[in-house]
Amino acid sequence: MDLTIQPHKLSGTVTVPPSKSLAHRAVICAALSDGICKIDNIALSDDIIATTEAMKAFGAVIEQDGSSLTIKGAGQYVTDAKADAGATTAEHLIDCNESGSTLRFVVPISTLFQGASRFIGRGNLGKRPLTIFYDIFEEQGISYKPTEGELDLVVDGNLKPGHFSFPGNVSSQFITGLLFTLPLLGGDSVITITTPLESIGYIDLTLDVMSAFGVTIENEGHQLFRIKGGQSYKATDYRVEGDYSQAAFFLCADALRNDLLVDDLSMDSLQGDRAVVSILEAMGVAFEQHGNGLIGKATNGLHGTLIDAAQCPDIIPVVALTACLSEGKTEIINAGRLRIKECDRLQATASELKKLGANIEELPEGLLIHGVKSLKGGETVWSYKDHRIAMMLAIAATVCEQPITVTDAECVSKSYPNFWEDYQAIGGKIQ
Ligand SMILES: O=C(O)C1=C[C@@H](OP(=O)(O)O)[C@@H](O)[C@H](O)C1
Ligand SMILES: C=C(OP(=O)(O)O)C(=O)O
């Protein structure tokens, strides 16, 4: 789907969708529990569908009622003594679609259930790293069969308690997957992170949701995690809070002279992408809180700054757009792993914003931006089939002089299926 978007100011209230990261975690903890849980404020984006379907494959019963899910957990099927490790046919087919979270969270979880699991997926997912798991499988004698290209991975065997050690700068999702799984094993485990941990906020989300479901972990400065075995997830009800990663698009739009109240934000959220607020403040935005919403205004204009992407990779494309229209120089550092997301987000952000008239250069691990007064637009730009690039370009369209056309715009369904409807409801002009 290609969308031509006229330059037009956004105004009014936008209620952000529920946090995708918290929704993955709540669905997983509920599905591993031993009872019935109600999860409120769920949006069935492609990624959340992938996780709900995965957990159903292991025996969880999941029913949707509007924006709530009722989940009957599959805790009773968890076993640490698999009968058929090494089987050649997979009992569970897990379609991760393009969701890195689903894949990295569910691979270790799958070893808790009888039978082999086959993980398939699309897009860039087959190219995103998994070697941290493969190394663990080699060490523990867990059978696994990866294929080149499109994701197609068969895993069979029991994860055993022990000492796990790996770097903290590839993806925090490996740690989250192990944290979900290890407490259900018979013995105690330790995870040691050998380099400074990036995406720390996502680990805090994992520990927070797990503790809501009665499972606890000892966290020593995010470099060492002590995990007691023999625990179980207790059924509970849970409301998913609003998503700061999605709020970032609208908060940056506000900084760029749109006129929005961005609603359903928890002011003490553990989401790492809440950093968008302090980054925009450093660029000259003042925020006013209205109930659970924020309005941001850059009354005296925006100026460039130094931005460290290590803890908040997902907000970088739209923050980079904002920097393109901020006076002076912005350098975005520690952003190497944006290259291993749904696309190479450093390359995509730089190439598409350059087409619109920005002065932006790719660095090996970041972006270098010199602010310009305006973006001319008038071009066709590509989303790279990446939801966060498509939504960043939608915000760019509001500040371009000429209309732009965004190609492969439907990819927003990965995290925000109603994005284009919400965009039009606040004044976005799509032809
Ligand atoms: O755990 C999560 O929910 C996520 C972790 C982050 O990945 P990395 O830890 O690989 O940076 C983030 O980019 C992703 O969108 C969601
Ligand atoms: C990278 C993302 O998600 P995931 O890693 O789960 O595919 C994202 O939502 O931007």
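Since the structure is predicted, the reported quantities are computational estimates derived from the model, not experimental observations. (Residues numbered from 1 in each chain as written. Chains lettered and ligands numbered in written order. Predicted model: local features only at pLDDT ≥ 70, side-chain atom pairs only at ≥ 80, totals over all residues. Heavy atoms only, no water.)

So what exactly am I meant to see when it comes to the sheet that holds strand E19 (residues 329–333) here?
Consider a sheet: its strands pair through backbone hydrogen bonds, and that pairing is either parallel or antiparallel. Within the open sheet, the four strands sit side by side as E18-E19-E21-E20. Their pairing is mixed. Each end of this open sheet is capped by a strand with a single partner; those strands are strand E18 (306–308) and strand E20 (359–363). Sheet twist, expressed as the mean angle between neighbouring strand axes with direction ignored, is 15 degrees. With three bridges connecting them, E18 and E19 associate as parallel partners. Among the inter-strand pairings, Asp-308 is bridged to a residue of E19, identified as Ile-333. Each of E18, E19, E20 and strand E21 (366–370) is contacted by helix H9 (residues 316–324), which is oriented at about 20 degrees to E21, the strand it contacts most. (Pairing = 2+ DSSP bridges. Helix = DSSP H or I, 4+ residues; strand = E, 2+ residues; numbered from the N terminus. Axes fitted to C-alpha atoms, helices over the stretch in contact; angles between N-to-C directions. Contact = heavy atoms within 4.5 Å.)

Hey, could you run me through the state of the cysteines in this one?
By definition, a disulfide links the sulfur atoms of two cysteine residues through a covalent bond. Applying the stated rule across the entire model yields zero disulfides. Considering cysteine sulfurs only, Cys-252 is the nearest to Cys-312, which forms no disulfide, with 11 Å between them. As a non-bridged cysteine, Cys-400 has Cys-324 as the owner of its nearest cysteine sulfur, 11 Å distant. (Disulfide = S-S within 2.5 Å.)

Would you take a moment to explain the site of ligand 2 for this structure?
If you check the shell around ligand 2, you find 14 residues, and the closest are Lys-20, Gly-100, Ser-101, Arg-128 and Arg-388. The contact in question runs from an oxygen atom of ligand 2 to an N or O atom on the side chain of Ser-101, over 2.6 Å. The contact in question runs from an oxygen atom of ligand 2 to an N or O atom on the side chain of Arg-128, over 2.6 Å. More than half of the atoms of ligand 2 fall within 2 Å of the grid points belonging to the largest cavity. Contributions of two or more residues to the shell around ligand 2 are made by helix H3 (100–110) and helix H11 (387–398). Formed jointly, the shell around ligand 2 draws a minimum of three residues from each of two domains, domain 1 (3–17 + 241–430) and domain 2 (20–229). (Near = heavy atom within 4 Å. Polar contact = N/O pair within 3.5 Å; in protein donor to acceptor, adjacent residues only side chain to side chain. 1 Å grid on protein atoms, 1.4 Å probe; cavity = no way out; pocket = protein on both sides within 12 Å on 5 of 7 lines; lining within 4 Å. Sits in = over half its atoms within 2 Å of the grid points. Domains from an automatic or database assignment.)

Is there a simple way to think about the domain arrangement of the chain in this case?
When the parts come together, some accessible area is lost, and that loss is often what is quoted as the size of the interface. Domain annotation for the chain reports domain 1 (3–17 + 241–430) and domain 2 (20–229). Computed from C-alpha atoms alone, the centre-to-centre distance between domain 1 and domain 2 is 30 Å. On the domain 2 side, the residues contacting the 24 residues of domain 1 number 25 residues. For the domain 1 and domain 2 pair, buried surface summed over both sides reaches about 1,900 Å², with 46% attributable to carbon and sulfur atoms. Considering only the side of domain 1, the residues that lose the most area to domain 2 are Leu-270, Arg-337 and Lys-414, jointly responsible for 33% of the buried surface there. (Buried area = accessible area lost by both parts, 1.4 Å probe.)

For this particular structure, what's the right way to read the UniProt feature "binding site: phosphoenolpyruvate" (unreviewed entry) in the chain?
As annotated by UniProt and renumbered to match this structure, "binding site: phosphoenolpyruvate" (unreviewed entry) occupies Lys-20, Gly-100, Arg-128, Gln-173, Arg-345, Arg-388 and Lys-414. Those annotated residues that line the largest cavity are Lys-20, Gly-100, Arg-128, Gln-173, Arg-345, Arg-388 and Lys-414. Take Lys-20: its relative accessible area is 11%, and that puts it in the buried class. Not counting residues within four places of it along the chain, the set of residues in contact with Lys-20 comprises Ser-45, Asp-47, Ile-48, Asp-243, His-387, Arg-388, Lys-414 and Ser-415. With respect to the secondary-structure elements, Arg-128 resides in the loop between strand E7 (116–120) and helix H4 (131–140). Once you skip the residues sitting within four places of it in the chain, Arg-128 turns out to touch Glu-98, Gly-100, Arg-104, Gln-173, Ile-340, Lys-341 and Glu-342. (UniProt positions renumbered as here; feature names shortened; annotations may be inferred. Buried < 20%, exposed > 50% of the residue type's maximum accessible area, 1.4 Å probe, protein only.)

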